[in-house]
Amino acid sequence: MRNKDASTPIDLDILHTIRDRRSIRAFLKTPVSKEIITNILDVARFAPSGVNTQPWHVAILGPITREKISSQIIAARDNNIPEDPDYHYYPDIWHEPYKSRRKACGLALYGALDIKMTETDKRKSQWYRNYHFFDAPIALIFYIESILCKGSWMDIGMFLQNIMLAARAYGLETCPQAALAEYPNIIRKNLDLSSDFHIVCGMAMGYPDWSHPVNQYRTSRETVDSFSSWYK
């Protein structure tokens with residue numbers, strides 16, 4: 001079906017689903033059924049991938065494995081064990097405009113929680129919530145074979161986006177978490193994975209607690225003109 005006016009969207013729900021997605025860091029304790037998670041993954045698997053390689057793998061953590069991973073990562077940080085990720089997510093030196101965007105993101109998060117820059121213990125406590133998947137009922141870990149190249153990492157990014165959008169169809173929200181990839185050997189040990197697999201990230205998923213202050217803010221986005229160029 002096509003609109004007579006091509007500039008008018010056919011399905012506004014799709015646009016709202018994309019536009020309204022945000023990273024949620026406080027969840028209700030309401031459980032999420034295995035059936036719903038399976039349905040979300042069943043939709044997400046239709047993400048595009050180069051020559052249909054479908055390079056993604058996902059682990060759905062049960063409470064025992066999840067607690068082991070969380071406690072071991074926190075212990076590693078408390079014992080000043082250096083992070084050893086399988087890949088570098090961020091640059092060693094930040095330049096503009098990325099430096100300012102990063103700062104604004106942090107200020108928005110801690111500002112929503114009324115945590116000041118000088119309150120290091122509170123900031124640490126909030127950061128450690130990453131390793132507990134923000135107490136979401138569903139905790140996911142994504143990984144990929146180490147022999148694959150950058151193109152496959154692009155593919156898994158599209159798979160992740162599909163999961164985050166499909167989750168919203170069930171009233172769920174998510175938070176993708178690079179922090180869960182800081183100590184990949186801990187993840188591999190608990191998932192019984194060999195070094196043939198690289199840990200990409202984690203993801204928290206559940207029904208959002210909209211009453212929590214941390215879910216009241218949203219980061220800004222640049223305008224289309226700021227990142228697009230049109231050529232003849």
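Fair warning: this is a prediction, and the values are worked out from it, not measured in the lab.

**Q** I tried to follow a nonpolar patch on the surface on my own but got confused; where do I start?
**A** Together, L12, I14, L15 and I18 make up an exposed nonpolar region whose accessible area comes to about 350 Å². Structurally, the position occupied by L12 is in helix α1 (residues 12–19). For L12, a relative accessible area of 46% corresponds to the partly exposed category.

**Q** In this structure, what is going on with the environment of S71? I would like to understand it.
**A** The residue S71 is located in helix α3 (residues 63–78) in this model. By relative accessible area, S71 is classed as partly exposed at 35%. Once the C-alpha coordinates of S71 and I37 are considered, the two residues, 34 residues apart in sequence, prove to be 25 Å apart. A distance of 2.9 Å separates a polar atom in the side chain of S71 from the backbone oxygen of E67.

**Q** Even after reading the chapter, I still don't get the packing of helix α2 (residues 34–44) against helix α6 (residues 150–168), so can you show me in this structure?
**A** When two helices pack together, you describe them by how their axes are tilted relative to each other and by the distance separating the axes. Where α2 meets α6, the axes come as close as 8 Å, and the angle between the chain directions of the two elements is 135°. By the angle between their directions, the pair α2 and α6 is classed as oblique. At the point where α2 passes α6, the crossing takes the right-handed sense. Here I40, L41, V43 and A44 of α2 lie close against α6, whose contacting residues are F159, N162, I163, A166 and A167. Residues belonging to the contact of α2 with α6 are distributed by class as follows: eight nonpolar, one polar and no charged.

What counts, and at which threshold
Residues numbered from 1 in each chain as written. Predicted model: local features only at pLDDT ≥ 70, side-chain atom pairs only at ≥ 80, totals over all residues. Heavy atoms only, no water. Patch = residues over 30% accessible without salt bridge, like charges linked within 9 Å, V, L, I, M, F, W, Y side chains within 5 Å. Areas by Shrake-Rupley, 256 points an atom, 1.4 Å probe, with all protein chains shown as cover. Salt bridge = Lys/Arg side-chain N within 4 Å of Asp/Glu carboxyl O. Helix = DSSP H or I, 4+ residues; strand = E, 2+ residues; numbered from the N terminus. Buried < 20%, exposed > 50% of the residue type's maximum accessible area, 1.4 Å probe, protein only. Polar contact = N/O pair within 3.5 Å; in protein donor to acceptor, adjacent residues only side chain to side chain. Axes fitted to C-alpha atoms, helices over the stretch in contact; angles between N-to-C directions. Parallel < 35°, antiparallel > 145°, perpendicular 65-115°, else oblique. Left-handed = near helix turned anticlockwise from the far one by under 90°. Contact = heavy atoms within 4.5 Å. Nonpolar A, V, L, I, M, F, W, Y, C, P; charged D, E, K, R; others polar.

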